[in-house]
Amino acid sequence: MKKLLIIGLLALSTSAFSQGVVKNGTIYKQHPYITAVLQLNTLFAKGDTVAVARFYADTARFIDATNPMKPSNLAQAKATWHDILTNWDIVSMKQIGYPDGLEYTSSPFTVQSWWEVTTVNKKTQKKVTFEEVVFDSFNKAGKITSELSYYDTLALVGATK
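Bear in mind the structure is a predicted one, so any value in this text is a computation, not a measurement.

Draft legend 1. Fine view of the packing of aromatic side chains. The tally for this structure, following the rule as stated, stands at nine aromatic pairs. Here the aromatic rings of Tyr-56 and Trp-81 are separated by 5.6 Å at their centres, their planes lie at 40°, and the arrangement is tilted. Pair noted here: Tyr-56 is in strand E2 (residues 56–64) and Trp-81 is in helix H4 (residues 74–87), with a separation of 25 residues, a long-range link. Taken individually, Tyr-56 and Trp-81 each receive the classification buried, so the pair is uniform in this respect. An angle of 45° between the planes, with centres 5.6 Å apart, marks the rings of Phe-130 and Tyr-151 as tilted. You can see Phe-130 sitting in strand E6 (residues 127–138) and its partner Tyr-151 sitting in strand E7 (residues 144–151), a full 21 residues away along the chain. Each member of the pair Phe-130 and Tyr-151 is classed as buried.

This is the structure we're talking about:
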């Protein structure tokens, strides 16, 4: 009985460790969509929101750390960009590491990028540096259809007081 139990356990453990390799997608270090994300961030830092908007599909959805349960559309994002640039001077948007282009088998192409943003509140003149991670998903036409951005808002709120 012990021998049968040992043989059974051995057979189960062998099958558990002999799983096949399944590819789920490809990760890119260089890709035209990565270049697009770098370009749009450069344009935003310069305050050119008209050029930034051209990177997005008309139906793009934006999910932001300040209100993750309420996505906004492109018109609302443009208003938010205007408010940001009205109230803050962007000193720098420094790329942290390099962005990854994620091409999954059954999902849209997504670029994840990391940024160190330094900005000054125009009213209080308080300088803030924070880190942000952004996920931009692209459609087949090369337009961004969704953007998720995550960052800690605590320093930004503190700089407004």
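Don't stop here, the text continues.
Draft legend 2. Here's a closer look at the pattern of salt bridges. A complete count under the given rule lists one salt bridge for this structure. The partner of Lys-122 in a salt bridge is Asp-89, and the shortest N-O contact between them spans 3.7 Å. Pair noted here: Lys-122 is in the loop between strand E5 (109–121) and E6 and Asp-89 is in strand E3 (residues 88–95), with a separation of 33 residues, a long-range link. We classify Lys-122 as partly exposed; its relative accessible area is 34%.

What counts as what
Residues numbered from 1 in each chain as written. Predicted model: local features only at pLDDT ≥ 70, side-chain atom pairs only at ≥ 80, totals over all residues. Heavy atoms only, no water. Phe/Tyr/Trp six-rings, centres within 6.5 Å; stacked < 30°, edge-to-face > 60°. Helix = DSSP H or I, 4+ residues; strand = E, 2+ residues; numbered from the N terminus. Buried < 20%, exposed > 50% of the residue type's maximum accessible area, 1.4 Å probe, protein only. Salt bridge = Lys/Arg side-chain N within 4 Å of Asp/Glu carboxyl O.

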